[in-house]
Each structure stands twice: as C-alpha cells, then as structure tokens.
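# Overview (structure and organization)
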Amino acid sequence: MDLELSAAEETARASIATLLDEHSPVAVVRAAEPLGFDPVLWDVLFVAGVGDWGTSHSLGLVGLAAAMREAGARLTPVPLAEHWAATRLVAAAEGADILAADPVTLVLTPTDAGSDAGRTRLVPAGAVAPLAVALDGNELVLVGPPEALPSSPHNTASSPIADRVIRGPEAGTRVVLATGADARELHANAVDEWRVLNAAALAGLGRRALELAVAYVLDRHQFGVAIGSFQAVQHRLADVVTALDAVDLLVDEAGWAAAAEPPRAPALAVMAFVAATEAARASTAASLQLHGGYGYTLERDVQLYYRRAKGWPLALGDPAAQLDALADRLWPRARPVPTTGAG
Amino acid sequence: MDFTLGDRSEAFRVEVREFLAEHVTPQVLARTHATGTVHDWDLHRALAAKGWLGAGWPVEYGGQGRDPWEMRVFVEECAAADAPTDGLSMTMVANTLRVVGTEAQKLDILPRVLAGEVLISLGYSEPGAGSDVAAAATTATRDGDDWVVDGEKVFTSMAHEAQYVFLLTRTNHEVAKHRGLTMFLVPTDAPGLRVEPMWTLGAPGRTNRTFYDGVRVPDALRVGEIDGGWAVMNVALTFERGGTMAAVRALDATVSWASRLRDAQTRAPIEDPDVRRRLARVAIDNELARLLSLRTTWVAAKGGLPGVEGSMAKLAASESVQRSTADLMDLLGADGVLDESEADAPAGGAVEYAWRKAAVATLYGGSSEIMRGIIAERHLGLPRTRS
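Residues numbered from 1 in each chain as written. Chains lettered and ligands numbered in written order. Predicted model: local features only at pLDDT ≥ 70, side-chain atom pairs only at ≥ 80, totals over all residues. Heavy atoms only, no water.

## Some details on the overall build of chain B
The number of helices and strands found in chain B is 12 helices and eight strands. On C-alpha atoms alone, chain B measures out to a radius of gyration of 22 Å, which is about the 21 Å that the 2.2 N^0.38 rule sets for 387 residues. By its C-alpha atoms, chain B is 80 × 50 × 45 Å across when sized along the principal axes. By the burial criterion, 53% of the 387 residues in chain B qualify as buried. (Helix = DSSP H or I, 4+ residues; strand = E, 2+ residues; numbered from the N terminus. Rg over C-alpha atoms; globule rule 2.2 N^0.38 Å. Buried < 20%, exposed > 50% of the residue type's maximum accessible area, 1.4 Å probe, protein only.)

## Here we look at the interface of chain A and chain B
At the junction of the two partners, chain A supplies 45 residues and chain B supplies 40 residues. Between chain A and chain B, the buried area comes to about 4100 Å², and carbon and sulfur atoms account for 68% of it. Of the charged contacts, one joins Asp-328 of chain A and Arg-276 of chain B as a salt bridge, the two residues approaching to 2.8 Å between their closest N and O atoms. At the boundary of chain A and chain B, one finds 14 residue pairs in polar contact (both at pLDDT 80 or more). (Contact = heavy atoms within 4.5 Å. Buried area = accessible area lost by both parts, 1.4 Å probe. Salt bridge = Lys/Arg side-chain N within 4 Å of Asp/Glu carboxyl O. Polar contact = N/O pair within 3.5 Å; in protein donor to acceptor, adjacent residues only side chain to side chain.)

## Concerning the sheet that holds strand 6 (residues 174-179) of chain A
All names here are of chain A. Sheet architecture is open: four strands sit in the order 1-3-4-6, paired in mixed fashion. What marks the edges here is a single partner per strand, and that holds for strand 1 (104-106) and strand 6. Averaged over all neighbouring strand pairs, the angle between strand axes comes to 25 degrees, with direction disregarded. Both strand 1 and strand 3 (residues 131-136) contribute to a ladder of three bridges, which runs parallel. Paired with Leu-106 across the two strands is Val-133, which belongs to strand 3. Set on the sheet, helix 5 (residues 80-94) makes contact with strand 1, strand 3, strand 4 (139-143) and strand 6; between it and strand 1 the angle comes to about 85 degrees. (Pairing = 2+ DSSP bridges. Axes fitted to C-alpha atoms, helices over the stretch in contact; angles between N-to-C directions.)

## Observations concerning the confidence of the model for chain A
Looking at chain A, pLDDT values average 94 and 96% of them are 70 or higher. Here residues 336-343 of chain A is a poorly scored stretch, pLDDT under 50, and it has seven contacts once near neighbours within four places are set aside; other chains count. (pLDDT = per-residue confidence, 0-100.)

## Let's talk about the pattern of salt bridges
All names here are of chain B. Applying the stated criterion across every chain, the model contains 58 salt bridges over all chains. Two residues, Glu-76 and Arg-13, come together in a salt bridge whose shortest N-O distance is 2.9 Å. Highlighted residues: Glu-76 in helix 4 (residues 68-80) and Arg-13 in helix 1 (residues 7-23), separated in sequence by 63 residues. As far as the burial class goes, Glu-76 and Arg-13 line up, both buried.

## Notes on helix 5 (residues 91-100) of chain B
With eight of 10 residues buried, helix 5 of chain B lies mostly within the body of the structure. All of the buried residues in helix 5 of chain B are Thr-91, Met-92, Val-93, Ala-94, Asn-95, Thr-96, Leu-97 and Arg-98 of chain B.

## Some details on the nonpolar core
Residues and elements named next belong to chain A. Within the largest apolar cluster, 153 residues are counted, with the highest numbers of intra-cluster contacts made by Leu-80, Trp-84, Leu-106, Val-133 and Leu-237. With 19 residues, helix 6 (residues 180-219) is the single largest residue contributor to this core. Beyond its immediate chain neighbours, meaning those up to four positions away, Trp-84 contacts Ile-16, Val-50, Gly-51, Trp-53, Gly-54, Leu-64, Ala-67, Met-68 and Leu-197. (Core = buried A, V, L, I, M, F, W, Y, C linked by side-chain atoms within 4.5 Å.)

## Quick notes on the pairing of strand 3 of chain A
Residues and elements named next belong to chain A. Taken across its six residues, strand 3 has six buried, putting it largely inside the fold. By the alternation rule, side chains of strand 3 split into Leu-131, Val-133 and Leu-135 and Ala-132, Ala-134 and Asp-136, which are all buried. Pairing of strand 3 with strand 4, which is carried by five bridges, proceeds in the antiparallel orientation. Bridged to Asp-136 within strand 4 is Glu-139. Between strand 3 and strand 4, which pair antiparallel one after the other, the connecting turn spans two residues, and Gly-137 there sits at a positive phi close to 60 degrees.

This is the structure we're talking about:
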C-alpha cells in the first residue's frame, strides 16, 4: 500500500494549486456568479496546459482527482471535471486527443434516439462548452458547436448548467465516436470518471468549509471563551474531519482502481460520489451553523460552499438513486437485455 | 497510490484462513457465545504452536517478525472468522514488557506468553476512573520487598482465565494524578485477590470486577519506575491496535438472507429497492471504515505512530458498526429479534449478535467522546478541554 501521489501527480497538484491561488481567489468566484464560469480563468489554465491534463499519460484519474480537490477547495469557476472526463472519453474512443481551446462537456444522461428530440435537461457546463460528448441511443457522439450556446437558468450552485440539443440542425456538427456495446461501455466509464472527479471536488470543497469553520470558532469569543473550546462544537467538527479524511481515501482508491483493479472500479466510483456528497454537505452545514447568524449572510464565504455542496451532486439527480446504482453493481440482478436503441 | 496489501500478506491471509477454518469450529463458537468468554485454550495453544502468538514480535524475542501488513491481515481474518481471540489480544501487554520490563520479567514471562500458557488481563478501569483513568485510586503501599495492594477494578476482562493482572495503582498522593501511578503484574492466585463476573449485553458476554484486599506483590513484579506508571501505560497504548471492525460479517449475513425466497414470498428481499439502498449504504460505511483503518497500518508500517489516525479509524468504525448493525437488524423484520439459539433466527442470528456486540464498540479502547476530543485538539488545533 502507498497513499502518496507519484512525483508527476504531486507536481500537477502543486502547480494547479499555485495557479488557482493567484487566479481564482474568492473574489473571482463571486464575480463569476451567477453563471459560474470565468472565461479569462479558463484561458489562463488552458495556456498553462491544464486543459490537456485529461489525456496526459503521466496523470491518470488519481492525479486528476488530486487537481480537482484543489479546484473544489477554491470553487474554481471552470468546468474541469466535465472537460477532463469528456476529453478522456474522446481519446479512449478515437485513439486521438481532441483539439479544443474551449471546454468540452459530458452529457451524463443517455438520450433515447427513438422517443425524444435529442434534448437533455441541465447538462453540466452546458452553457459554456461548445462541444459535448453524449450517448445518443446506440451512438456515442461528439456534437457542436451549436449556433448559439444556451443560457443557464439561475440555480442554487451558480453552475453553468443548461439544456442541450444533441441531434438535428440545432446541435451543430455530429461525429459518431463509437456504436453499440462499445459506445455504452465507454460512456458509462466516463460517467464513473466524472463521479470520481466530482467526488474529489466535493472533498476539497468540504475540507475548505471545515477550515473556515475552524478559523471562525478559534476567533469567535462568547461567554468569555473561544467557542471552539466548547465540546459541542469540537465534537461536531471532529466528526466532519473524520468523514472528510475517509472520503479522501475513498476518492483515491476509486481513482487507483480505475487503472489497477477495473472490476472494483464501478462500485468504488459510486461509493466515492455518495460519500463525498454527504461529507461535503455535513461539513458546509456544520460550518454555516458554527458561523452563527453570520453564516446565513451573503457577505460570509461559507454560503458559497453551502450552496455548491447541495447543487453540484444534483447533476446526476437524486443522490439516493446513486445507492440504487451502487446496489446494482454490488449485487447485480438478472434483468432484460436492453433492446437496440434503448440506451 | 497502491491499495493492495502485497503478495506476502495475501499469501499469509490464505494460511491464516485455512488454519482458522480448521480450528474455529462451530463447537468452539457455540462455547464462546454461551460462556461469554471470548477465548479458547485449545485454539490459543494451536496459535502458539504456529508461532502466531508472537507473529509480530521481533525474532530475537521468539517472534516471527511479521510486518504490520501481515499482522493486519491476521486480525482481519480472525475478525472474519469470529475467532475468539481476547486471549491473543493480551499479548499486547507482553509487548509492553518487552520494552519496559526487567530482564528477569522478560525471561520468566515472555516465553510462557508465547507458549500459550500465560494470559495477562488489563487492570486499568475502576468504579471512579473510566475515561479519566489517571484518577485510579487502587493503592500500592511499600512494605519491605513487597507492595500491598488495596482497591477495586472493573472491566478486568479475562481475569478469570488469566495468570496475571496488569495493574495500574496509585503509589503517590502528593503529586499530580498522572505522576503518582505505578504498574504491577499481580498474579491472579495471590491471596486477597478476588474475581467476580460482570455479565454484558454481547461479546464478550463476561467481563469482571476484581477486588484487592491486602494483596502482597513482590517488588520484582513492578513494571517500570515507581510513580512511572503513566509512561508504561502510554507504551502499552502504542501496541493497542484498532481491532474495531465495521459491519462486514453482518452485511454478508444479511445479503445472504435477503437473497433467498421464504414461504409465501414472491420475490426475495434483495429485489426490494429500499432493502438495496440500505445494504448499499452499509457497504459504503464499511469501505470508509476499512480505509481509515488501512491508513493507520500504513502510518505504522512507515515507522510512524498513528495517534490521531488511530483515533479517527476507531471513531468511524465503531460509530458505523452501531448504525449499520441496527439498520440491518431492522431489515430482518419481526424475526430480527430472534437470537442465535433459535434454529429459525434470520441470518443464523448473526445480525442480532453483531448488533448487541456493537454497543460496546464506542466505549472500549477510548470512548467516542474521548476520540472526538483527541481529534479536535490534535488534528484541528482546538483548545484542550480536559486536564
């Protein structure tokens, strides 16, 4: 067992941390609201090569997850998880890297070629990514750019989500990357990678929310003492940090298994996503509560974390349904084989 | 990153599993569950014959020098087999003797421990000193070459089988409470020492009260310095490995139960979406607990002392095993209350048994409240609240 990053992974993690400290302070996060995308920051990262990390041979999912933790901790308003998951998927399908200076996104929910109009609700980064990879019935496709990017509805997390059309004249150029079982397998794998990357972002978010809480309870005095000296406060934060440490390990294990133990990887990806969702929500809820009334105000940063911990995981729908997905991976059921076009 | 335990550990796992399959028979399990004594002398001597009582000890002390990964695998397999190893876990005290004992103590006691002839029970807790163990009031008073011990200990588990009690006593009332403590090895057959059972909810079903009424202990059985008992206890604590396991056995038992059709059912419980979600949640909690525990081993294997990491692993595993076994027992429905003595108990009563056993997990080896305090102070840097 080894719980440390490789030299290449650590270099990547440290370099994105440095870049984000400079270019993605909380003022940038606030200025990017409500859309939740900063094109200048995207260009900075792209010029630094971060956009290509998804297909870098030296990083892999563990290194990308380490980078996502740093991005999540800073609520960085660029869609790195979607971009990396999508570009990795294109590389896996085509055997070639995608050349795109703009974000590429991954449509998480498969569409049914037979019965819908090729419109998908609330695609992550749908409002800012000209290109999208989607599973449309039996086909894995790369579509875009559309004539105009759709606008993003106002939402809890200030995420650049938007409905996307992946078929027909509105969708833009459409390239089929794979078909049939290959297409489904590639897409399912990419969604699992997205789960791991988002779990990492949520782990980073939760860690930073905890740090805000610790700093506050050490500074805030009531009844003549720092409120961090009260056991009711201490014990809640001890539970939060224990859950976050466990999630960090699970995210790393899920990233590791993707390459090293593929049979376990699908279950671990869902586990990491569920556990990170819960730990991030518990951390932000504790942080808000321990900030007292100030935690409820927009002037304090904790609200930025609280909203995103709630909103980010909903990109995959009700988190309880993730438990269904996990159960199906741990205890498979005999089920009818999907007919052609059923997705 | 690497989450495998290594080929050598996995090979050892196979060897341990085969040994336990042979020696931890249904009769042994039935006996330990019925008596509440989670120890079996035949199994203990068989472990001794394999050299496994000292599996992790250095070779020069008669051990096998196995690394922390092999030892972890050993503990995992013992837990998976529900092997009665309360006696085995007492080699922790002997480990302490190896570090702080006199040459005479080492020569006399260590070989007998490794041979499976001697068990040493822990005599720390008292009616008035639980989490605040340094408040111990049992006294040892010097009298020539002997000490005279008077007092009462509680939760002296295995004292009714052990040859010695590793006893924390007060030898100095004039100094701060941590500085007036001394440790002794007290023979359980010494006149004036009395053992009474305390029966518990689960496993071990029996622990003890021990009473000390003018018990004479030779100075040769003092461990460490006079008034240096706190330092000795801290050595012992470093050998205390988090043996708390998540609800792995209970989950397996419930999944097996849920996968079968019963009378008048048209579908097995595992087809029910609510059941599936609840089982999935337990699987997540088990994995989180396993990883925190693995991290503790990793720190130890690198030569570190997993203090805070150990507290986090213990807290997470013990809290989750309570939550998980409670929910799994509910899943079994009305039959969930049947215990293992009933032939038709669901999952053989394993879940009900695990649920009762789990109640103590958040208490022994440092309660959850103590663990949270340690994590808050040492990991988060919050102010100390205890003295």
